[in-house]
Amino acid sequence: MTPDEKKQQVAKAALEYVVPDTIIGIGTGSTANHFVDALASIKHTIEGTVASSNATAERLKSHGIPVLELNSVDEISVYIDGADESNRHLHLIKGGGGALTREKIVAAVSKKFVCIADDSKLVDVMGKFPLPVEVIPMARSYVARQIVKMGGNPIWRDGFTTDNGNVILDVHNLQIMQPVQLEAELNQIVGVVTNGLFAARPADVLLLGSDQGVKKIT
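Criteria and cut-off values
- The numbering scheme is per chain: residues are counted from 1 as the chain's sequence reads.
- Local features in a predicted model are, by the rule used here, given only for residues with pLDDT of at least 70; side-chain atom pairs are given and counted only at 80 or more, and totals for whole chains, interfaces and linings are based on all residues.
- Side-chain metrics rest on all non-hydrogen atoms present in the structure, leaving aside hydrogens and water.
- We place a 1 Å grid over just the protein atoms. Points where a 1.4 Å probe fits but has no way out form a cavity, open points with protein on both sides within 12 Å along at least 5 of 7 lines form a pocket, and any residue with an atom within 4 Å of a point lines it.
- Grid points are joined across faces, edges and corners, and a volume is the space filled by probe spheres set on the points.
- Only DSSP runs of H or I with at least four residues qualify as helices, and only runs of E with at least two residues qualify as strands; both kinds are numbered from the N terminus onward.
- All amino acids are sorted into three groups, where Ala, Val, Leu, Ile, Met, Phe, Trp, Tyr, Cys and Pro are nonpolar, Asp, Glu, Lys and Arg are charged, and the leftover types, Gly among them, are polar.
- Pairs of strands are assigned from DSSP output, requiring at least two bridges between the strands.
- Between N-to-C directions, angles cover 0 to 180 degrees, with each direction set by a line fitted to C-alpha atoms, over the stretch in contact for helices.
- The contact criterion used is simple: two residues touch if any of their non-hydrogen atoms lie within 4.5 Å.

Caption draft 1: Local environment of the layout of surface pockets. What the largest pocket holds in volume is close to 350 Å³. Lining the largest pocket we find 15 residues, and of these Ala-51, Leu-68, Glu-69, Leu-70 and Arg-102 sit closest to its centre. Elements that contribute at least two residues to the lining of the largest pocket include exactly β2 (48–51), α3 (54–62) and α4 (100–109). Of the pockets and cavities examined, the second largest pocket occupies roughly 200 Å³. Forming the walls of the second largest pocket are 19 residues, and the residues nearest its centre are Thr-28, Gly-29, Ser-30, Ala-83 and Asp-84. Of the residues in the lining of the second largest pocket, the class split is four nonpolar, eight polar and seven charged.

If you want it as structure tokens, here you go:
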């Protein structure tokens, strides 16, 4: 199977986690897009959605799926999103699409976080995929210098602006042995909005598309 076929496979499998008559959260990226497309077939069963990016909101609306503002929502039953990397502890790297801050917020509000990905995303040690860090624009150089002191090689994602009006530093050359600790340390740097480590609040379920079918890790 191609990676895209595996993404479609897990997107359909994730429909089982949709809780009827509730509001669900939806992430950003190619795998999340497949889930949005699959969700259209059962859109009548849910109350609405909260999107983690403008792009996802537009895709949901194109299918006639209601999109709500998070501030008007008390509770989200489940958040479904992809990942750029995951380990077997369900710690994730996210943010390749630049929506990491809103993704982290929606995940925090949600009762359950279901991560969907193809099996190539599962690794023993995270860090081969550059770790995105969202930064207030005026702090970009300062934050980069602090990250260098921590052993990372930050590269400015030139020409890209997040939905929040900020910039992204993609941090290369990391071997992330302690994801929870690194997530906290990066967030303590003044000027950092948040980083793409989802370790303090990891996924609850990881669904992996593979040639042998959908694999589930909990």
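Additional details are given in the paragraphs that follow.
Caption draft 2: View of empty space enclosed by the protein. Following the criterion strictly, the structure yields two cavities of 30 Å³ or more and no others. Lining the largest cavity, in full, are Leu-131, Ile-147, Met-150, Gly-152, Val-171, Leu-174, Leu-182 and Leu-186. A breakdown of the residues in the lining of the largest cavity according to their chemical character gives seven nonpolar, one polar and no charged. Roughly 40 Å³ of volume is contained in the second largest cavity. Counting residues per element, the lining of the second largest cavity draws most heavily on α4, which supplies three residues. Taken together, the residues that form the lining of the second largest cavity break down as two nonpolar, six polar and three charged.

Caption draft 3: Broad picture of the sheet that holds strand β3 (residues 79–81). Taking strand neighbours across the sheet as the criterion, the six strands line up as β2-β1-β3-β6-β12-β13 in an open arrangement whose pairing is mixed. The sheet is open, and its two edges are formed by β2 and β13 (215–217), each paired on a single side. Going from strand to strand, the sheet's axes swing by 20° on average, the running direction of each strand aside. Two strands pair when backbone bridges link them, and strand β1 (residues 23–26) and β3 are joined in this way by two bridges, in the parallel orientation. Counterpart to Gly-25 in the pairing with β3 is Tyr-79. Lying over the sheet, α3 contacts β1 and β2, oriented at roughly 155° with respect to β2. This element, α4, spans β1, β2, β3 and β6 (113–118) of the sheet and lies at about 145° to β3.

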